Amino acid sequence: MPSMKPARTRFAPSPTGALHCGVVRTALYAWLLAKQSGGQFLLRIEDTDQKREVVGGLENIKETLRWLGLNWDEGPDVGGPYAPYVQSERLAIYKKYAQELLDKGQAYADPYSIEELEALRDKAKAEKRPFLFRDHRPENPPVWDGSQPLRIKLEPKAWSWQDGVMGEVKLGPEMIDDFIIIKADGFPTYNFCHIIDDHLMQITHVTRSQEFISSIPKFLATHEVLGWESPVNLTMPQVMDETGRAKLSKRKGAKPVLDYRDRGFLPEAMLDFMATIGWNDGTEQESFTVDELIQKFSLERVHRSGGIFNEQRLLWLNGLHIRRLSLDDLYGRAASFWPPEASKHDDAYKKSVLALVQERLKYLAELPALTTFFFDDLPINPSLWQDNKQLKKYDAAQLKVWLEQSRASLAESDFSTDDLTRRLNDLLEQTGQKPGVLFSLIRIATTQAPASPGLAETLAVLGKDIALRRVDAMLHQLA
RNA sequence: GGCCCCUUCGUCUAGUGGUCCAGGACGUCAGGUUCUCAUCCUGAAGAUCGCGGGUUCGACUCCCGCAGGGGUCACCA
């Protein structure tokens, strides 16, 4: 376990849509860093682009993190020493620093219209040279009245830095330009305000997704101009979609994390899955609890290459975590996933059903498909025995004989699993049949389902009345 | 196009010069666990370690080049 000074990390999403696994994985790594070092994890909302803001975006962020258990020590709702933690409520702070830069001659008003800028950019493109705003710095910038964008004046300079994940990265002076720090609408840009906030909020490690890596020189230069030390930059590899051809993004159809909750994925499985796209502990351990992640996670073992979001593996991990749960725990989590028919039944019954399907569930939304026959009689489906590879060799009269024999024995049973098992075995001898034939017949008769848990266990849970009633219905059908 | 990052079985990966004609896991296939589904167990197929040079007695591991993929070049974050 890496010992380090308490790290203050943050997750700083913008409320522009539902959180997906790509961005949440970056949040998870930041959270793990804070937890394992005894530091703090902050949530900060970067809502400086009013146009892109989405209704419910903030709620989705909070709900996603809460569901996953990525609790924030400071941030919206919980407050903290550096409140507010919503950027739209911190405008005065950014303006203050912008004014300071302006006063020092480190910032200037941008006199160009959007159209003029575009023309300059097009021209540069046509001439196949990079567009740099600094080549067009106005000689006598207008007095900044807040209606023009304000640009920071940055001297071109090559930067190299030690990235906590990527190692040493070097980028040339062409990556630095006079970027806008305050937009014409009065809001600051991400490039500017996140630096101020990270500094004021004493963030020690900044996790960012890979698309920001070429912006880091700008961030470094801005720190320098402000006279601040940069926090440690941690650039995380990308999470790619199933095609492997693009990073996970909302536009490309990445599913919201909460969709997985709604399908009955477990938060600990999601965390396990996300953590292990791009990180492993170097042993052959394939699955981790949250505590193990906190203990074992290390930056040194985070990959630099991107990883594909493989839902197949998530499914496997989720099944694994479901099986690890105690029955009571699972029962609590499954509450909203039962089929409607189950509402007529009591907790004890539902729990005994759940015990039988626990090892069969990959996700909780499968519950109805696996259990409906426990709660209500399914319509009799002749194809179940007519197409069954063991049973289709026999005619209805023969099946009826065996089923009647079975009914007679079951009628004597106390329906304990032990007694049922014994009787079922006796019936094999009496009828001279293989389990493949007789058990299939009884299973189909009593469930009318294409699949079910073990026969004796299933019968024991169903109970005598229901089991015999269904056998009778099937016998009637075979007549 | 410039710049940056990446490149081991389909996928997630182990691997930091010899123990690797490459190990594990998911997935797939086959068999076993008194029926089905699932679990569990066993086994199989699956990677000439992107390509080409070099360094070295020896390279997946080091160096160079190339190719491919991803990212980025906004009054978006």
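The rules behind the values
- Residues numbered from 1 in each chain as written.
- Chains lettered and ligands numbered in written order.
- Predicted model: local features only at pLDDT ≥ 70, side-chain atom pairs only at ≥ 80, totals over all residues.
- Heavy atoms only, no water.
- Pairing = 2+ DSSP bridges.
- Helix = DSSP H or I, 4+ residues; strand = E, 2+ residues; numbered from the N terminus.
- Axes fitted to C-alpha atoms, helices over the stretch in contact; angles between N-to-C directions.
- Salt bridge = Lys/Arg side-chain N within 4 Å of Asp/Glu carboxyl O.
- Buried < 20%, exposed > 50% of the residue type's maximum accessible area, 1.4 Å probe, protein only.
- Right-handed = clockwise from strand over helix to strand, strands pointing away.
- Core = buried A, V, L, I, M, F, W, Y, C linked by side-chain atoms within 4.5 Å.
- Contact = heavy atoms within 4.5 Å.
- pLDDT = per-residue confidence, 0-100.
- Parallel < 35°, antiparallel > 145°, perpendicular 65-115°, else oblique.
- Phe/Tyr/Trp six-rings, centres within 6.5 Å; stacked < 30°, edge-to-face > 60°.
- Near = heavy atom within 4 Å.
- Polar contact = N/O pair within 3.5 Å; in protein donor to acceptor, adjacent residues only side chain to side chain.
- Nonpolar A, V, L, I, M, F, W, Y, C, P; charged D, E, K, R; others polar.
- Arc of directions from axis to C-beta.

### Considerations on the sheet that holds strand β3 (residues 107-109)
With respect to topology, 3 strands assemble into an open sheet ordered β3-β4-β7, the strand pairing being antiparallel. Each end of this open sheet is capped by a strand with a single partner; those strands are β3 and β7 (180-182). Averaged over all adjacent pairs, the angle separating strand axes in this sheet is 40°, with direction ignored. One ladder, built from 3 bridges, connects β3 with strand β4 (residues 150-152); its direction is antiparallel. Pairing of Ala109 across the sheet is with Leu150, part of β4.

### Some thoughts on the pattern of salt bridges
Taken as a whole, this structure holds 34 salt bridges when the rule is applied. One salt bridge in this structure joins Arg469 and Asp377, with 2.8 Å as the shortest N-O distance. A residue pair is termed long-range when its members are at least 10 positions apart, and Arg469 in helix α19 (residues 464-478) and Asp377 in the loop between α13 (367-375) and α14 (383-386) qualify at 92 residues. By relative accessible area, which is 34% here, Asp377 ends up partly exposed. Residues joined by salt bridges that share partners form a network here, namely Arg10, Arg44, Glu46, Arg90, Asp197 and Asp198.

### Section: the pairing of strand β8 (residues 205-209)
A large share of β8 lies buried, amounting to 5 of its 5 residues. The two faces of β8 match: His205, Thr207 and Ser209 on one face and Val206 and Arg208 on the other face are all buried. In this fold, β8 hands off to helix α6 (residues 216-226), which returns the chain to strand β9 (residues 232-236); that crossover is right-handed.

### As for the pairing of β9
Counted residue by residue, β9 has 4 buried out of 5 residues, so it is predominantly covered. Where β8 and β9 come together, 5 bridges link them in parallel fashion. Paired with Arg208 across the bridge in β9 is Thr235.

### Some remarks on the nonpolar core
Ranked by internal contacts, the top residues of the largest apolar core, which has 50 residues, are Leu28, Tyr29, Leu68, Met270, Met274 and Phe309. Residue assignment for this core shows that the elements contributing at least two residues are α1 (21-37), β2 (40-43), α2 (57-68), β9, α7 (257-262), α8 (267-275), α9 (290-296) and α10 (311-324). The element best represented in this core is α1, accounting for 10 residues. Beyond its immediate stretch of four places on either side in the chain, Met270 contacts Cys21, Trp67, Leu68, Tyr260, Phe265 and Leu314. In this structure, Ala98, Val169, Ile176 and Ile182 belong to the second largest nonpolar core, which totals 30 residues.

### Examining the confidence of the model for chain A
In this model, chain A carries a mean pLDDT of 95, and residues with pLDDT of at least 70 account for 99%. Across the whole predicted complex the pTM is 0.94, and at the interface the ipTM reaches 0.94.

### Side note on the packing of α1 against α8
Running from N to C, α1 and α8 cross one another at 90°; their axes reach a closest spacing of 9 Å. When the axes of α1 and α8 are compared, the pair comes out roughly perpendicular. Together, Cys21, Val24, Arg25, Leu28 and Tyr29 of α1 and Met270, Leu271, Met274 and Ala275 of α8 make up the contact between the two elements.

### Re the packing of aromatic side chains
Scanning all chains against the criterion turns up 17 aromatic pairs. Pairing Phe265 with Tyr363 gives two aromatic rings, centres 5.5 Å apart and planes at 5°, and the pair type is stacked. With Phe265 in the loop between α7 and α8 and Tyr363 in the loop between α12 (347-357) and α13, this residue pair connects regions lying 98 residues apart in the sequence. Relative accessible area serves as the criterion here: at 2%, Phe265 is assigned to the buried category. Relative accessible area serves as the criterion here: at 21%, Tyr363 is assigned to the partly exposed category. Ring centres 5.6 Å apart and planes at 85° place the aromatic pair Trp338 and Phe375 in the edge-to-face group. Residue Trp338 is found in the loop between α11 (327-334) and α12, and its partner Phe375 is found in helix α13; the two are separated by 37 residues along the sequence.

### Quick notes on the protein's contact with RNA strand B
Close to RNA strand B lie 66 residues; Lys183, Asn280, Glu359, Arg360 and Pro435 are nearest. Protein-proximal atoms of RNA strand B, defined as those within 4 Å of the protein, fall in sugar or phosphate at a share of 73%. The side chain of Asn280 places a nitrogen or oxygen atom 2.5 Å from a sugar or linking oxygen of RNA strand B. Within the side chain of His303, one N or O atom sits 3.1 Å away from a phosphate oxygen of RNA strand B. For the surface near RNA strand B, a count of residues per class yields 25 nonpolar, 19 polar and 22 charged.

### Let's talk about α12
Among all positions of α12, only Tyr349, Lys350, Val353, Leu354, Leu356 and Val357 are buried. The buried side chains of α12 occupy one side of the element, clustering within an arc of 160° when seen end-on. Packed against the buried residues of α12 are α11, α13 and α18 (455-462).

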